Amino acid sequence: MRPLSLYYLDASADGVKERSLVPSSHLHARLRRNATMSHAFSCKLLIVGGGSGGCTMAAKFARRLPKDSVIVVEPSAEHFYQPLFTLVGAGVKKVSDCVKAERACLPDKAIWIKDYAKFIDPDKMSVTTAKDHVINYEYLIVAVGLKYDYDKVPGLKQALDDEKSRVSTIYSPDYCGKTWSDLQNFKGGDAFFTYPNTPIKCPGAPQKICYLAESYFTKTDVRSKSNVTYNTSLPVIFGVKKYADALMKVVEKKNINVNFKTVLKEIHPENNEAVFYQVDDPTKTQAVKYDLLHVTPPMSTPEVLSSNSKLVDKTGFLNVDKYTLQHCTYPNIYGLGDCTNTPNSKTAAAIAKQCLVLQKNLLKTMKGKTAKARYDGYGACPLLTGHNKCILAEFVYDGVPRETMPFNQANESILAYYMKKDLFPYIYWNLMLKGYYHGPEVIRKLINPLGK
Ligand SMILES: Cc1cc2nc3c(=O)[nH]c(=O)nc-3n(C[C@H](O)[C@H](O)[C@H](O)COP(=O)(O)OP(=O)(O)OC[C@H]3O[C@@H](n4cnc5c(N)ncnc54)[C@H](O)[C@@H]3O)c2cc1C
C-alpha cells in the first residue's frame, strides 16, 4: 500500500501512467495494484464526472475532508465553460475563451482518476472504470451530465463533420466554431434552427443562437433575402409563461417563423435537405431545403447511468429527491446537474444553487442525520436576443419567476447581455468551480431586503 496522492492516473493512455505529484503523509485514500495494472482504491467520497457539478462539489468537500478523501473520476483532460459556446457560434467569443485544463479546475487535495466510470454497484458501494480500476466509496456523488445522441438523427454526424455542409451545432466545442463560419457564409435563403424531442441542457440555447443569427443577418444586410425558422418539439417557446410571452414578441418583431411540436427526423446533406415530423403524428413528415441548419442534438444520460436500473428512473435519469438531491433508494448517493431527474432547467445556474443544498445534506448524511436542506428548483437562462440584448430569465420549480435585478427581467437588457458575456464566465471560473458561489440569493437580498 502506498499513499495515493503520489499518483495521478492517466487511464486514457494505452497503459496506466503514474506521475509524481505532491508527496503526502496522509493515507486516507488507498491504492492497491495487481499484475494487470488495474488498481483498487478506497475513499470517503467518490465523485463521478468532473464537469460543472463534479468540480464544484470536489472543491467543497476537498476543503472539508482530510487530504485524499475525495476521488474524482473524469475522462476529459479539458474542462469547458459550455454557456459561452453560444457566443462562439455568434462570433463574439472563441473556443479558447471557454476552456481550461481539467487539472486546474480540480482542487489539489482531490485525487483525479482520468478514466470513464463503466459500472456503478450501489450495493457493493464501488465503481469500476473503463480500465478496470475498482474504487470503493463510502459516499458517492453522480454528476455525469448528458451525452449527445447524434446517431438518432440519420445524416447529422456526417453533415457536422463535413466542413461545407452548412450544418452545425453550438452544443459541442468541436462544432460551435462551424456555426460562426456558417453564419458568415450565409448569403440569404432558408435558415433553420431546431430543438429536439428529448430533455436538453440549457433549453434556451437553441433559440438564443437563432436570435443571434437573425441579428447578424440584419447587420450584414442578408436578412431581407432570408427566411429564419425555429422548429421546436415543444408546444411553447419557453417553459416559464412570463418569459414565453416576452419571447413571442421577440420572434414577432424579428419575423421568425416558429413551428411548435416539430422535430428534426433526418438530414440528407448531399441535397441540403432536412426532414421534420410532427410530435402529434410522427407519420406526418415534411422535407425542406436549407441554406443553413443549426441542430440541437437529442441528448440522454451517459450509458454508465442509463443502463443501471438501480440508479435511474424510467427516463434514464438519476433518481433523486427533487428537494434534497439524495438518491431515492441509496441514501449514501447524491446527484446534481444535468444527469438527475429533478424537474428544473438543466443549467450551470441550477448547479450553483444545488451545490450548497448537496453540501449541507451530504454533511448531515455523513453524520448519520437526516438531509433537510431543500433545493427550490432555481435555474437561470440568459436569453440572448441580439448582439447586445438579453432577457435574463430566473425561476424556480413550477415556472415561478425568481428575479434578482431591480427591473423587469422579461424586458431585453444590455446589462444582462454583458453579465452573460463577461460576468458569468468570471464567476464560474473564479468562484463557482472553487465552491464559493451559490447563485444570486445574496445579491437578491441586498437589492431587495424585504423580498418581492
Ligand atoms: C450551448 C450551451 C449553452 C449553455 N448555456 C447556458 C447558460 O447560458 N447558462 C447556464 O447556466 N447553463 C448553460 N448551459 C448548461 C450548462 O453548461 C450545463 O447545465 C452544466 O455544465 C452541466 O454540468 P454537469 O456537471 O451536470 O455536466 P457537465 O459539465 O457536462 O459534466 C459532466 C462530466 O461528466 C463526465 N462524464 C461523462 N460520462 C462519464 C463517465 N462514464 N465517467 C466519468 N465521467 C463521465 C464528462 O466528461 C463531463 O466532464 C449551456 C450548455 C451548452 C452546451
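Anything mentioned here points back to the structure above.
Fair warning: this is a prediction, and the values are worked out from it, not measured in the lab.

Engineer: Would you explain the side chain of Ser-126 in this entry?
Structural biologist: Positionally, Ser-126 belongs in strand E11 (residues 126-129). Not counting the four nearest positions on each side in its chain, Ser-126 is found in contact with Phe-119, Ile-120, Asp-121, Val-134, Ile-135, Asn-136 and Tyr-137.

Engineer: It is not clear to me how the side chain of Asp-182 should be interpreted in this structure. Could you clarify?
Structural biologist: With respect to the helices and strands, the residue Asp-182 is situated in helix H5 (residues 176-185). We note that Asp-182 is buried and unpaired, the nearest opposite charge coming from Lys-178 at a distance of 4.9 Å. Sequence-distant contacts of Asp-182, defined by excluding residues within four places in its chain, comprise Arg-166, Val-167, Ser-168 and Leu-292.

Engineer: Which parts of the structure should I look at to understand helix H9 (residues 348-366)?
Structural biologist: Residue pairs spaced three or four apart in an α-helix point in one direction, given the helix's 3.6 residues per turn. With 19 residues, H9 extends 26 Å between its outermost C-alpha atoms, agreeing within 8% with the 27 Å of an ideal straight helix rising 1.5 Å per residue. Remark: the principal bend of H9, roughly 30°, maps to Gln-354. Once H9 ends, the next one or two residues include Gly-368, with phi positive near 80°.

Engineer: Honestly, the layout of surface pockets in this entry has me stumped. Any pointers?
Structural biologist: Which parts of space are left empty comes out when a probe the size of a water molecule is rolled across the atoms. Approximately 580 Å³ is the volume found for the second largest pocket. Pro-203, Pro-343, Asn-344, Ser-345 and Lys-346 are, among the 30 residues lining the second largest pocket, the residues nearest its centre. In terms of residue class, the lining of the second largest pocket is built from 15 nonpolar, twelve polar and three charged.

Engineer: Hey, could you run me through the nonpolar core in this one?
Structural biologist: Within soluble globular proteins, side chains that are nonpolar tend to cluster in buried spots. If you look at the biggest cluster of nonpolar residues, it comprises 98 residues, and the most contacted ones within it are Leu-45, Ile-141, Phe-193, Phe-217, Ile-237, Phe-238 and Leu-362. Sequence-distant contacts of Leu-362, defined by excluding residues within four places in its chain, comprise Leu-45, Phe-61, Tyr-139, Ile-141 and Tyr-334. Listed in part, the 25 residues of the second largest apolar core include Ile-71, Val-127, Tyr-137 and Val-320.

Here is what the cut-offs are and how they apply
- Residues numbered from 1 in each chain as written.
- Predicted model: local features only at pLDDT ≥ 70, side-chain atom pairs only at ≥ 80, totals over all residues.
- Heavy atoms only, no water.
- Helix = DSSP H or I, 4+ residues; strand = E, 2+ residues; numbered from the N terminus.
- Contact = heavy atoms within 4.5 Å.
- Buried < 20%, exposed > 50% of the residue type's maximum accessible area, 1.4 Å probe, protein only.
- Lys, Arg positive; Asp, Glu negative; His and termini not counted.
- Salt bridge = Lys/Arg side-chain N within 4 Å of Asp/Glu carboxyl O.
- Expected span 1.5 Å × (residues − 1).
- Bend = angle between axes of the 7 residues up to and from the residue.
- 1 Å grid on protein atoms, 1.4 Å probe; cavity = no way out; pocket = protein on both sides within 12 Å on 5 of 7 lines; lining within 4 Å.
- Points joined across faces, edges and corners; volume = space filled by probe spheres on them.
- Nonpolar A, V, L, I, M, F, W, Y, C, P; charged D, E, K, R; others polar.
- Core = buried A, V, L, I, M, F, W, Y, C linked by side-chain atoms within 4.5 Å.

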